[in-house]
Amino acid sequence: MDVSWTLWALTILGLSALIAVDFFIGRKPHDVSTKEAGIWTIVWIALAVIFGVGLMVAGESQASGEFFAGFITEKSLSVDNLFVFVLIMAKFSVPSHLQQRVLLIGVLIALVLRAIFIAAGAAVIANFSWVFYIFGAFLIYTAWKLIQEARADEEEEDFEENRLLKSIEHRFGVADKYHGTKLFIRNNGKRIMTPLMVVMLAIGMTDVLFAVDSIPAIFGLTQDPYIVFTANAFALMGLRQLYFLIGGLLKKLVHLSYGLSVILGFIGVKLVLHALHESGVHVPVVTIPFSLSFICGVLVITTITSLIASRKKEAAEAAKAEKDGPDQVAGPADEETRSISG
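Now for a description of the structure that goes with this document. The structure displayed is predicted, hence computed values, not measured ones.

A short note on the side chain of glutamine 241
And step 1. Considering the arrangement of structural elements, one finds glutamine 241 in helix α9 (residues 239-246).
And step 2. Assessed through its relative accessible area of 5%, glutamine 241 is described here as buried.
And step 3. Sequence-distant contacts of glutamine 241, that is, excluding residues within four places in its chain, are made with Asp22, Ala37, Trp40, Thr41 and Trp44.

A short note on the pairing of strand β1 (residues 184-187)
And step 1. Across 4 bridges, β1 lies against strand β2 (residues 190-193) in antiparallel orientation. What sits directly across from phenylalanine 184, in β2, is methionine 193.
And step 2. Here β1 folds back onto β2, and the loop between the two strands holds 2 residues, one of which, asparagine 188, carries a positive phi near 55°.

Let's talk about the packing of aromatic side chains
And step 1. For the structure on display, the rule yields 13 aromatic pairs.
And step 2. Considering the side-chain rings of phenylalanine 67 and phenylalanine 234, the 5.9 Å spacing of their centres and the 85° angle between planes classify their relative orientation as edge-to-face. Placement of the pair is phenylalanine 67 in helix α3 (residues 61-91) and phenylalanine 234 in helix α8 (residues 225-237), with a sequence separation of 167 residues.
And step 3. Given the relative accessible area of 0%, phenylalanine 67 is considered buried.
And step 4. Here a set of aromatic residues connected by ring pairs shows up, and it is made of Trp8, Phe51, Phe67, Phe68, Phe71, Tyr226, Phe229 and Phe234.
And step 5. The ring of phenylalanine 184 has arginine 191 sitting right over it, with the charged end atom 4.3 Å from the ring centre.

Here's the deal with the nonpolar core
As a rule of thumb, nonpolar side chains are buried together in soluble globular proteins.
And step 1. Grouped together as the largest cluster of nonpolar side chains are 83 residues, with contacts concentrated most on Phe67, Phe85, Ile88, Phe92, Val94, Val102 and Val199.
And step 2. Here this core gets 13 residues from one element, more than from any other, and that element is helix α7 (residues 195-219).
And step 3. If near-sequence neighbours (up to four positions away) are discounted, valine 199 is found in contact with Ile88, Met89, Phe92, Val94, Val102 and Tyr178.

Let's talk about the packing of helix α4 (residues 99-127) against α8
And step 1. The interhelical angle for the contact between α4 and α8, taken along N-to-C directions, is 165°, at an axis separation of 10 Å. With respect to each other, α4 and α8 are oriented roughly antiparallel. For the pair α4 and α8, the sense of crossing is right-handed. Listed contacts from α8 to Val107, Ala110, Leu111, Arg114, Ala115, Ile118 and Ala122 of α4 are Pro225, Val228, Phe229, Asn232, Ala233 and Leu236.
And step 2. Residues of the contact of α4 with α8, tallied by class, amount to 11 nonpolar, 1 polar and 1 charged.

Cut-offs and rules
Residues numbered from 1 in each chain as written. Predicted model: local features only at pLDDT ≥ 70, side-chain atom pairs only at ≥ 80, totals over all residues. Heavy atoms only, no water. Helix = DSSP H or I, 4+ residues; strand = E, 2+ residues; numbered from the N terminus. Buried < 20%, exposed > 50% of the residue type's maximum accessible area, 1.4 Å probe, protein only. Contact = heavy atoms within 4.5 Å. Pairing = 2+ DSSP bridges. Phe/Tyr/Trp six-rings, centres within 6.5 Å; stacked < 30°, edge-to-face > 60°. Lys NZ or Arg CZ within 6 Å of the ring centre and 35° of its normal. Core = buried A, V, L, I, M, F, W, Y, C linked by side-chain atoms within 4.5 Å. Axes fitted to C-alpha atoms, helices over the stretch in contact; angles between N-to-C directions. Parallel < 35°, antiparallel > 145°, perpendicular 65-115°, else oblique. Left-handed = near helix turned anticlockwise from the far one by under 90°. Nonpolar A, V, L, I, M, F, W, Y, C, P; charged D, E, K, R; others polar.

So, in structure tokens, the structure goes:
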């Protein structure tokens, strides 16, 4: 897709305007209701659909298909980010009315850093086609690691700050409590960060770590920097509302890691096949329509099996509680009766 500097500028201005509107609406700290989160989640998805359809109407049907495939992939990978966001919020004991501000600024930081990643990735791909082998192998390895982690069935892990974040805290100092929406305060004449600023940095940096696999994944679907950037932008900009909408459902998506591993493995194989094709080897070429159908199919199956598994687990726990309940209640009473009679 031939994208002029004017279109780039208009796109960035348009996205900036949407972000400004989102910030203006949510400028006052408050607890986000499920209704509010649901409405805005629908709005962001609708905007992404309008953008993709607009590409098709403009005669860029291939770009449109690549955008939708990239958007769905990035959106599904972003849901995995939410698990870590929940841990970060708990780690720093973020008040519920401040969580939306944390996510908004954190996502903005992530968007800027991802744009840098995308620009670097596009430059590397344009000059070194063999990098597709590396991207493909990395995604296949990541898929295998996801399966290993899912099979391990580990208990909920604690969030650990990375070295960069710790060094920033050490350099600037951190207040011992939240001060509303303030990011910096004066303490004994020294300017120090508030916990709110630390959490925002943690959200942004953590998302960049996730981008290490999501950026190669979307480059496996399209090598157009414009499509890569817009798909990432639309996927990230609705992440804040999605956090509040499905926060309670995250624990029910027990098979999400398996689904994401299948998607990443599929894209990894697609990248290797693409690299072989570019090298002149006659191998099957995976089309965008097939990729889009495969990704959507995996997500639908993963969601259905996750909900079924969660429902069975809840039913089993309820049956166990009902069975053990009378014994647990009667136990102390029997002991008390025996002590009285004794």
